[in-house]
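Listed here are the chains, written in short residue letters.
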Amino acid sequence: MKLKQTALIGATIAGLLATGYAAAQEQFIGLPSYRVGPFGSNGASLYGGWIDYMAMVNARDGGVNGVKLTWEECETEYNNARGVECYERLKNKGPTGNSVFQPLSTGITYSVLEKVAQDKIPLVTIGYGRTDAADGRVFPWVFPMITTYWSQASAIVNYIGQKSGGMDKLKGKKIGLLYHDSAYGKESHAIIDKLAEKHGFEVQKIAVANPGNEQQAQWLQIRQSKPDYVILWGWGVMNATALRTAAKTGYLRDKIIGVWWSGSEEDTIPAGDAAKGYVAAGFNVAGANYPVIKDIQSQVYAKNAGNMEDKNRIGSVLYNRGVVHGIITVEAIRTAQEKYGKGKPMTGEQIRWGFENLNLDSQRLAVLGATGFMPDLKISCEDHEGGGKVKFQQWDGTQWKVVSDWVEADRPLVRGMIEESAAAYAKEKGITPRDCSKES
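The rules behind the values
Residues numbered from 1 in each chain as written. Predicted model: local features only at pLDDT ≥ 70, side-chain atom pairs only at ≥ 80, totals over all residues. Heavy atoms only, no water. Pairing = 2+ DSSP bridges. Helix = DSSP H or I, 4+ residues; strand = E, 2+ residues; numbered from the N terminus. Axes fitted to C-alpha atoms, helices over the stretch in contact; angles between N-to-C directions. Contact = heavy atoms within 4.5 Å. Salt bridge = Lys/Arg side-chain N within 4 Å of Asp/Glu carboxyl O. Buried < 20%, exposed > 50% of the residue type's maximum accessible area, 1.4 Å probe, protein only. 1 Å grid on protein atoms, 1.4 Å probe; cavity = no way out; pocket = protein on both sides within 12 Å on 5 of 7 lines; lining within 4 Å. Points joined across faces, edges and corners; volume = space filled by probe spheres on them. Nonpolar A, V, L, I, M, F, W, Y, C, P; charged D, E, K, R; others polar. Disulfide = S-S within 2.5 Å.

Read across the sheet, seven strands follow the order β6-β5-β7-β8-β9-β12-β13 without closing on themselves; strand pairing throughout is mixed. What marks the edges here is a single partner per strand, and that holds for β6 (202-208) and β13 (400-402). The average undirected angle you get between the axes of adjacent strands in this sheet is 25°. Judged from the three bridges that link them, strand β7 (residues 229-233) and strand β8 (residues 256-258) form a sheet pairing that is parallel. Each residue of the ladder has a partner; that of I231, found in β8, is I257. Sheet strands touched by helix α7 (residues 189-199): β5 (174-180), β6 and β7. Its angle to β6, the strand with the most contacts, is close to 160°.

On to the pattern of salt bridges, then. On inspection of all chains with the given rule, the structure shows 29 salt bridges. With a closest N to O distance of 3.5 Å, D119 and K91 form a salt bridge. Residue D119 is found in helix α4 (residues 106-119), and its partner K91 is found in the loop between α3 (80-90) and α4; the two are separated by 28 residues along the sequence. What makes K91 buried here is its relative accessible area of 19%. Across the pair R130 and D132 runs a salt bridge whose closest N-O atoms are separated by 2.6 Å.

In this section: the pairing of strand β12 (residues 391-395). As a general feature of sheets, a regular strand has side chains that alternate between the two faces. Among the five residues in β12, four count as buried, and that is most of the element. Sheet analysis places strand β9 (residues 279-282) next to β12, joined by four bridges and oriented antiparallel. Note that in β12 the partner of G282 across the bridge is K391. Here β12 runs beside β13; their pairing, made up of three bridges, is antiparallel. What sits directly across from W395, in β13, is W400.

On to empty space enclosed by the protein. Any empty space left between atoms is shown by rolling a water-sized probe over those atoms. Applying the stated criterion across every chain, the model contains one cavity of 30 Å³ or more. In this model, the largest cavity occupies a volume close to 60 Å³. Lining the largest cavity, in full, are Y34, Y78, L104, S105, T106, Y128, Y149, Y184, W235 and W261. The residue makeup of the lining of the largest cavity, split by class, is eight nonpolar, two polar and no charged.

This paragraph deals with the state of the cysteines. The full count for this structure, using the stated rule, is two disulfides. In this model, C381 is linked to C436 through a disulfide, with the two sulfur atoms separated by 2.0 Å. The sign of the S-S torsion, about -70°, decides the handedness of the disulfide formed by C381 and C436: left-handed. A residue pair is termed long-range when its members are at least 10 positions apart, and C381 in the loop between β11 (377-378) and β12 and C436 in the segment after α15 (411-429) qualify at 55 residues. On the accessibility criterion, C436 (12% relative accessible area) is buried.

Quick look at the structure:
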């Protein structure tokens, strides 16, 4: 009897150890998603692409150096309070706690900005969030990567300058800024004012209340003031409404330049013919012919394991943007493993180092099957943005067509504003900026 009991106890302990070992070989990623509400269709594509990429890495590669990726969604409804609730709910999950927090919401970003440093969880805001967080000396835990709102606004103005025959031709022009009346929309104001002052154009700021499905008064104002171009800084239903209302008031769609959150199929298809000719910025492109997307189709959808119910959305702008989030997250984990050890899950602090030392050059993008899919990206202690380049695409009535090469921002102007704003924040909060020469 004692022998049987000993064997049973031994088997139980072995089972528990095996279970613990298996759990330890998982990297948990909390997903504060939004699939319901006025922005639900956008969130479904974004998070669908991100989840599909992680599923593909698990299926094709067995995870990251043997560490399987696991995840859990928490519905925020794009609401700040719910976003904070999701942050708290997810932060201690997994063998090492949540790896990264990416809310895809500027409002939620501001709400957890100080929490992430306390909890040692990197906050990644690809193409959104607080722009001055690009100064990694003041914001070591925040990564507004690829390109910030200020870089985007500057690149849009540079594109308008190119279309006008040179930056000197902007003098005396009038540019309308139709913006979502939120932290996201207002993030554009400081840089637009600086650019207007530098290049001599007039800027007309026009707010649109959330969610943006009523814009008659705003477009009447635009028709009366007759700006040379309108920058559409919208989100969700606001974008299609803007295009339809512009068509009714006779404003040419090729004179409307959208930000990357206004440049997806979710914005143009609902607008119908009113969207034809519309131009928008983007830090990734549409299309399903890239090797990375083909791998997702063969490794995930061919096995009936995809996250998207509507497979026609695979290769869309926002789906591909979700894949970009997946690429950057996985590569940060891989980079962290190179320093801290392969074959084991990384802590948030270790993954923070991975993000800060990320280098997706042309060679690495080729290996990932993402050449031309997204710009190259190199992050450093000082620079948590790492690029600032965007491409412009035009809707031809059925699909997006790229109409520019990568357009850079006015880096000296933007970086100067970032450092000035970050220094003011550091002074206000009593933060001593890091000495990056001592970082390794």
